[in-house]
Amino acid sequence: MTIISPLLVVAAALVDADGRVLLQQRPPGKAMAGLWEFPGGKVETDETPESALIRELEEELGIRTHASCLAPAAFASEALGDRHLLLLLYVCRKWQGLPQARHATELKWARPSQMYALEMPPADLPLIGLLDSLI
Ligand SMILES: Nc1nc2c([nH]c(=O)n2[C@@H]2O[C@H](COP(=O)(O)OP(=O)(O)OP(=O)(O)O)[C@@H](O)[C@H]2O)c(=O)[nH]1
């Protein structure tokens with residue numbers, strides 16, 4: 001039997017006062033370039049999922065938040081090349097700073113209903129409806 005090692009990724013649905021969610025566009029040169037995704041990234045050794053997400057939000061957007069502001073919301077489980085992606089999605093409504101695209105090509109605020117018209121990674125598609133029922 002082949003053991004597929006899971007790739008643990010954390011991501012945030014940052015929700016604004018109008019119920020819109022921040023998406024970022026993956027830059028050229030990265031896998032899935034051009035697709036719109038939730039900010040986040042891989043959980044590194046010795047990190048908790050929450051500390052990894054706090055680090056990624058600071059690196060990618062220049063915003064600061066706290067573990068108490070990260071509400072576990074949904075997860076996705078999807079084959080990704082020779083790995084298996086486990087993506088943990090948190091809802092976050094409270095952060096400090098104005099999100100800036102430090103790594104992404106562009107940022108966009110979108111309601112879940114608008115996400116169906118955007119190109120997003122396959123793992124994210126089941127998350128859209130779940131998010132819609134949560135925010
Ligand atoms: N951040 C994020 N990653 C996602 C989403 N959906 C999804 O399939 N992924 C996948 O999860 C993996 C996250 O890796 P990444 O490359 O963004 O992570 P990272 O910031 O640690 O990048 P690095 O490897 O350049 O250091 C990628 O394979 C990415 O395609 C999503 O909504 N947000």
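The protein is annotated in an unreviewed UniProt entry as 8-oxo-dGTP diphosphatase of Sphingobium tyrosinilyticum. Per UniProt, the protein carries the Cofactor (unreviewed entry) text "Mg(2+)". As its UniProt record puts it under Sequence similarities (unreviewed entry), the protein is described as follows: "Belongs to the Nudix hydrolase family."

Novice: Could you give an account of the site of the ligand, naming the residues involved and the relevant values?
Specialist: Among the 17 residues in the neighbourhood of the ligand, the closest are listed as Arg26, Glu37, Phe38, Lys42 and Asp124. Between the ligand and glutamate 56 there is a distance of 3.4 Å, counted from an oxygen atom to a side-chain nitrogen or oxygen. At 2.5 Å from an oxygen atom of the ligand is found a side-chain nitrogen or oxygen belonging to aspartate 124. Relative to its free-state accessible area of 640 Å², the ligand is covered by the protein chains to the extent of 81%. Those elements that place two or more of their residues in the shell around the ligand are strand E4 (40–42), helix H1 (49–61) and strand E6 (83–92). Residue composition of the shell around the ligand, by class: eight nonpolar, two polar and seven charged.

Novice: Tell me about the packing of aromatic side chains, residues and numbers included.
Specialist: One pass over the full model with this rule turns up one aromatic pair. The positively charged end of lysine 108 is found above the aromatic ring belonging to tryptophan 36, 4.7 Å away from the centroid.

Novice: If you had to explain the pattern of salt bridges to someone new, which residues and values would you point to?
Specialist: For the structure shown, the criterion picks out five salt bridges. Here glutamate 37 makes a salt bridge to arginine 26, at a shortest N to O gap of 2.6 Å. Pair noted here: glutamate 37 is in strand E3 (residues 36–37) and arginine 26 is in the loop between strand E2 (21–25) and E3, with a separation of eleven residues, a long-range link. When the shortest N-O distance is used, the salt bridge between arginine 55 and glutamate 47 registers 2.5 Å. The partly exposed category is assigned to arginine 55, whose relative accessible area is 22%.

How each quantity is defined
Residues numbered from 1 in each chain as written. Predicted model: local features only at pLDDT ≥ 70, side-chain atom pairs only at ≥ 80, totals over all residues. Heavy atoms only, no water. UniProt positions renumbered as here; feature names shortened; annotations may be inferred. Near = heavy atom within 4 Å. Polar contact = N/O pair within 3.5 Å; in protein donor to acceptor, adjacent residues only side chain to side chain. Areas by Shrake-Rupley, 256 points an atom, 1.4 Å probe, with all protein chains shown as cover. Helix = DSSP H or I, 4+ residues; strand = E, 2+ residues; numbered from the N terminus. Nonpolar A, V, L, I, M, F, W, Y, C, P; charged D, E, K, R; others polar. Phe/Tyr/Trp six-rings, centres within 6.5 Å; stacked < 30°, edge-to-face > 60°. Lys NZ or Arg CZ within 6 Å of the ring centre and 35° of its normal. Salt bridge = Lys/Arg side-chain N within 4 Å of Asp/Glu carboxyl O. Buried < 20%, exposed > 50% of the residue type's maximum accessible area, 1.4 Å probe, protein only.

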